[in-house]
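The lines below spell out each chain.
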Amino acid sequence: RTALTYDPSTGRYIHKKYSKISSHNDPNSLRQRTRNSLHRAFLPEGVTPSYYTFIQWRIVQRFISAVLHVLGTQSLLLSLGISNGNRAVGLSAALNWVLKDALGKIVRMVWASKMGRKFDPDAKRWRYRSSLLYALGNGLEISTFLFPGLFLLLATCANACKQMSMLTNSATRNALYSSFRDGTRENIGDITAKGEAQIAVVDLLGILCGVCLSRSIGISVKSILGVWITLQALEVGCVYKSIRSVEFRLLNFERLSLITERFLSLRSFRRDDDNGLKDNDAAAVSPRSKAVNYKNIPTPGVMARNEKIFLSPHYLARKEISFGSLGRTVLSPDEISTLMEVFREDKFLLVVGEDVKNKRRWRRRDRIIKTALKKADYTKLVDHLEKEARANCHIVLHVDAENPDIVKSTLALSILRRNLLDSVPTKEEFIKASEAEDKDVIHDLLGSVRMRRSGDSTDLITKSLKQADDLFMSFVNALSTKGWATPEKFMLGRVSKRADWPILG
């Protein structure tokens, strides 16, 4: 919708911003018509402000990348001895070039089959990682000039890295571009097309600059390495800044976990020493207090500035830790029956117990506990047991579970993890047990945490589910208040480990 105003001097309805016509903003002037044409050719309509920050850094990054591409290609050609004019060398070079491209394509196919499902729910992290892969490929191309005898190996590895990077870049592009839509129109095609137009122009300018730079620095190894290191560092920095500017309104599991913890840490939902989370706090939230109560829940913009875009998520925020199968803990038939009864109206289960499939992790934990006991470091022991208690529970999804069920189960799991902390003995209890004559007392305390199973935690599981039921609508309202998309549109990805049981509700 465009606001127009009548201009008596021209007898036309014109855009409001041109209502005061001057020599530099006259819509009929050559300058303004050129500007409008460039805008229509290279900038899409209906995008958020974060798009312009993203595209500024991306243009700089693509320009540097084009320059690096020239240097890399030059190094490949020099390492093959193309400049000496020998026909035999030329044929050998052509064969090596074809081989390295073919092997790179094979790696690309394997990468696509193994990693394809991970890109959508974690687009920012994989986009940034792909830039590091591409940087590694550039470095390997430069190294062929230093070690021409290893051309096929180095060039193949370089091409493989670049192929994996380009595939990852292409796979995450739509997710990134979708975040720039302001919701007024379906314009993902326009954003993509204008992005390609921008890249085409910048790449041409970058190649031209790269040719001039290549001629000026010559074939000195020190010069090429120095320029490559400088430009590569700048390129990776530009990618980081461009990805940091992307604001997703869609929640993946990492963002959902963080917001869930923030929500449960609100003053209205604080822990109570006797009752865990207060069950009636959700009802106590009045519309007037929402802005105050939700102030520590990040908006999409705040999340974009602070979330990790390279390192893996926090341990408990990893999907493979929070979701699992019934076989992850060896449940007895009675335990399964009890859980199905508790969750008879829900499409998920909460299971408590050690991960029997990961013996290596348990051996590492055993070493930490033995060391803490040997040194009588009960502060470290309690801290480790609290982490272990929170990690020894997970969600089992029903085969028909959808995004709202995943959101509710995540909320319930976070509540259960908090409630399980009450079962961890305190430092004073361990000190008292260590002074007892019966040395089995301290091992009994350890076993009360480490050997806890679903059958021992039925009351806690039931209580956590009830609290999740009470808080769920308040949680969804908090998400909406802070500008996040509805659960139906989350980027939660695929959870393959599911189970089937009768839903009575």
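Up top is the structure these notes are about.
Now for a description of the structure that goes with this document. The shown structure was predicted, so the numbers you read here are calculated from the model rather than taken from an experiment.

This part covers the overall build of the protein. The helix and strand inventory of the protein stands at 18 helices and 7 strands. A buried classification covers 46% of the 505 residues belonging to the protein. Entry remark: accessible area of the protein is about 26500 Å², with carbon and sulfur atoms responsible for 57%.

Moving on: the layout of surface pockets. Size it by volume and the largest pocket reaches roughly 850 Å³. Lys 118, Pro 121, Lys 319, Glu 320 and Arg 494 are, among the 27 residues lining the largest pocket, the residues nearest its centre. With 3 residues, helix H4 (residues 123-146) is the single largest residue contributor to the lining of the largest pocket. Broken down by class, the residue content of the lining of the largest pocket amounts to 9 nonpolar, 6 polar and 12 charged.

Here we take up a nonpolar patch on the surface. A cluster of nonpolar residues, Leu 146, Phe 147, Leu 150, Leu 153 and Val 221, forms a patch on the protein surface that exposes about 440 Å² of accessible area. Tracing the chain through its elements places Phe 147 in the loop between H4 and helix H5 (151-178).

Let's shift gears to the packing of aromatic side chains. Overall, the coordinates contain 11 aromatic pairs when judged by the stated rule. Pairing Trp 111 with Trp 126 gives two aromatic rings, centres 6.2 Å apart and planes at 75°, and the pair type is edge-to-face. Separated by 15 residues along the polypeptide, Trp 111 in helix H3 (residues 87-115) and Trp 126 in helix H4 bring together distant segments of the chain. Ring centres of Phe 253 and Phe 323 lie 5.2 Å apart, and the angle between their planes is 65°; on these two criteria the pair is classed as edge-to-face. Remark: Phe 323 occurs in the loop between helix H11 (319-322) and helix H12 (333-342) and Phe 253 occurs in helix H8 (residues 253-264); sequence separation between them is 70 residues. Comparing Phe 253 with Phe 323 shows no difference in burial state: the two are buried.

Here we take up unusual backbone geometry. Residue Ala 376 is not a glycine yet carries a positive backbone phi of 55°. Its location among the elements puts Ala 376 in the loop between helix H13 (359-374) and helix H14 (378-391). Among the residues examined, Ala 376 registers a relative accessible area of 43% and is labelled partly exposed.

Moving on, we come to a positive patch on the surface. Judged by side-chain charge, Arg 360, Arg 363, Arg 364 and Arg 367 come together as a positively charged surface patch. With respect to the helices and strands, Arg 364 occurs in helix H13.

Here we take up the pattern of salt bridges. By the definition in use, this model includes 17 salt bridges. The salt bridge involving Lys 124 is made with Glu 307; its shortest N-O contact spans 2.7 Å. With a gap of 183 residues between them, Lys 124 in helix H4 and Glu 307 in the loop between helix H10 (300-306) and H11 connect regions that are remote in the sequence. For the pair formed by Lys 124 and Glu 307, the shared burial category is buried. Among the ionic pairs, Lys 387 bridges to Asp 383, the shortest N-O distance being 3.6 Å. With Lys 387 and Asp 383 both in helix H14 and 4 residues apart, the pair spans about one turn of that helix. Lys 387 sits in the exposed class, given a relative accessible area of 53%. Salt bridges linked by common partners bring Asp 122, Arg 125 and Glu 254 together as one network.

On to H5. Taking 1.5 Å per residue as the helical rise, H5 with its 28 residues ought to reach 40 Å, and the 40 Å between its terminal C-alpha atoms agrees with that figure. At Thr 172, H5 shows its maximal kink, close to 35°.

A few words now on the nonpolar core. Nonpolar side chains tend to gather and get buried jointly when the protein is soluble and globular. Formed by 47 residues in total, the largest nonpolar core has its most connected members in Phe 263, Phe 343 and Leu 350. Elements with a minimum of two residues in this core: H8, H12, strand S5 (348-352), strand S6 (393-398), helix H15 (403-420) and helix H18 (458-481). Discounting chain neighbours no more than four positions away, the residues touching Leu 350 are Leu 339, Phe 343, His 394, Ile 395, Ser 409, Ala 412, Leu 413, Leu 416 and Ile 461. Counting 19 residues, the second largest nonpolar core, distinct from the first, contains Tyr 51, Ala 123, Ile 191 and Met 491.

Our focus in this paragraph is the sheet that holds S5. Across the sheet, which stays open at both edges, the 3 strands sit in the order S5-S6-S7 with mixed pairing between neighbours. For this open sheet the edge positions go to S5 and strand S7 (498-499), each flanked by a neighbour on one side alone. Here S6 runs beside S7; their pairing, made up of 2 bridges, is parallel. Bridge assignment links Leu 397 to a residue of S7, and that residue is Arg 498.

In this section: the pairing of S5. Burial analysis of S5 places 5 of its 5 residues in the buried class, the great majority of the element. Because side chains alternate across S5, one face comprises the buried residues Phe 348, Leu 350 and Val 352, and the other comprises Leu 349 and Val 351, equally buried. In the sheet, S5 pairs with S6 via 5 bridges, with the strands oriented antiparallel. Note that in S6 the partner of Leu 349 across the bridge is Val 396.

Parameters and conventions
Residues numbered from 1 in each chain as written. Predicted model: local features only at pLDDT ≥ 70, side-chain atom pairs only at ≥ 80, totals over all residues. Heavy atoms only, no water. Helix = DSSP H or I, 4+ residues; strand = E, 2+ residues; numbered from the N terminus. Buried < 20%, exposed > 50% of the residue type's maximum accessible area, 1.4 Å probe, protein only. Areas by Shrake-Rupley, 256 points an atom, 1.4 Å probe, with all protein chains shown as cover. 1 Å grid on protein atoms, 1.4 Å probe; cavity = no way out; pocket = protein on both sides within 12 Å on 5 of 7 lines; lining within 4 Å. Points joined across faces, edges and corners; volume = space filled by probe spheres on them. Nonpolar A, V, L, I, M, F, W, Y, C, P; charged D, E, K, R; others polar. Patch = residues over 30% accessible without salt bridge, like charges linked within 9 Å, V, L, I, M, F, W, Y side chains within 5 Å. Salt bridge = Lys/Arg side-chain N within 4 Å of Asp/Glu carboxyl O. Phe/Tyr/Trp six-rings, centres within 6.5 Å; stacked < 30°, edge-to-face > 60°. Lys, Arg positive; Asp, Glu negative; His and termini not counted. Charge placed at Lys NZ, Arg CZ, Asp CG, Glu CD. Expected span 1.5 Å × (residues − 1). Bend = angle between axes of the 7 residues up to and from the residue. Core = buried A, V, L, I, M, F, W, Y, C linked by side-chain atoms within 4.5 Å. Contact = heavy atoms within 4.5 Å. Pairing = 2+ DSSP bridges.

Don't take any of this as a statement about function, it's just geometry.
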